[in-house]
Amino acid sequence: MIPAEITGHFQYLSPENLTTIPAEFNIIDMPSSPTSSSSLNYLNELINNNYSSSSNGQDVMMSNNSTSDEDHHHNHRQSIIILDERKQRRMLSNRESARRSRMRKQRHLDELWSQVIRLRNENNCLIDKLNSVLETQDNVLKENSKLKEEASDLRRLVCDLKSNKNNSF
């Protein structure tokens, strides 16, 4: 780990987490500001003192130029690039999907409006037919009433004629 990475980690330590830090870090003697020059010196000392040998006593080289660090950073950058490409493709795919969805919604809305217009026209035609039928019914009822009156008048006339004929004999 390089000193800049360590200072980045110390910036995120909260007072509750201080108990989980190993005693060899000597947190009590650590400078208060993680970005101060004394803090960087302190962290360099930690690196040199605590990470110069591994648990089995062999020396471990901590260097910015090590291949494992370079590989790690390269792989990390590649991962980020791949993730960014995936994110871009996903965003593009989502935009395209949203555009298609809006188009489907618009088509559906257009179909509904044309259905409304067709149904209103059909409704107007049915109202016109109904009015025509009602008018015809009214005329038929009037004519029927007239015919009943005429039939009644004719019955009376026939009765009168029969009664006059019977009176004449």
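Residues numbered from 1 in each chain as written. Predicted model: local features only at pLDDT ≥ 70, side-chain atom pairs only at ≥ 80, totals over all residues. Heavy atoms only, no water.

## Regarding the overall build of the chain
Part 1: The helix and strand inventory of the chain stands at three helices and zero strands.
Part 2: Along its sequence from the N terminus, the chain presents helices and strands in the succession α-α-α.
Part 3: Counting only residues that meet the buried cut, the chain has 9% of its 169 residues in that class.
Part 4: Within the chain, contacts between residues at least 6 apart in sequence are counted, and of these 37% link residues at least 24 apart.
Part 5: Of the roughly 14,700 Å² of accessible surface on the chain, a fraction of 54% belongs to carbon and sulfur atoms. (Helix = DSSP H or I, 4+ residues; strand = E, 2+ residues; numbered from the N terminus. Buried < 20%, exposed > 50% of the residue type's maximum accessible area, 1.4 Å probe, protein only. Contact = heavy atoms within 4.5 Å. Areas by Shrake-Rupley, 256 points an atom, 1.4 Å probe, with all protein chains shown as cover.)

## A look at a nonpolar patch on the surface
Part 1: Taken together, the side chains of Leu109, Leu112 and Trp113 present a nonpolar region at the surface, about 300 Å² in accessible area.
Part 2: Considering the arrangement of structural elements, one finds leucine 109 in helix α3 (residues 67-168). (Patch = residues over 30% accessible without salt bridge, like charges linked within 9 Å, V, L, I, M, F, W, Y side chains within 5 Å. Salt bridge = Lys/Arg side-chain N within 4 Å of Asp/Glu carboxyl O.)

## Section: the confidence of the model for the chain
Part 1: Scored by pLDDT, the chain comes out at a mean of 75, with 60% of its residues at no less than 70.
Part 2: Between the elements of the chain, mean pLDDT differs from a low of 46, seen in helix α1 (residues 3-11), to a high of 92, seen in α3.
Part 3: Under a pLDDT of 50 for its full length, residues 1-33 has, in the predicted model, 38 contacts with residues more than four places off or in other chains.
Part 4: This model gives residues 50-65 a pLDDT under 50, and the stretch forms 19 contacts once residues within four places in sequence are excluded. (pLDDT = per-residue confidence, 0-100.)

## Here's the deal with the pattern of salt bridges
Part 1: Inspection of the entire model under this criterion finds five salt bridges.
Part 2: Linking arginine 156 and aspartate 153 is a salt bridge whose minimum nitrogen-to-oxygen distance equals 3.3 Å. With arginine 156 and aspartate 153 both in helix α3 and three residues apart, this pair spans about one turn of that helix.
Part 3: Judged by relative accessible area, which is 48%, arginine 156 ranks as partly exposed.
Part 4: Residue aspartate 153 is classed as partly exposed on the basis of its relative accessible area, which comes to 38%.
Part 5: Bridged by salt links that share partners, the residues Glu96, Arg99 and Arg100 form one connected network.

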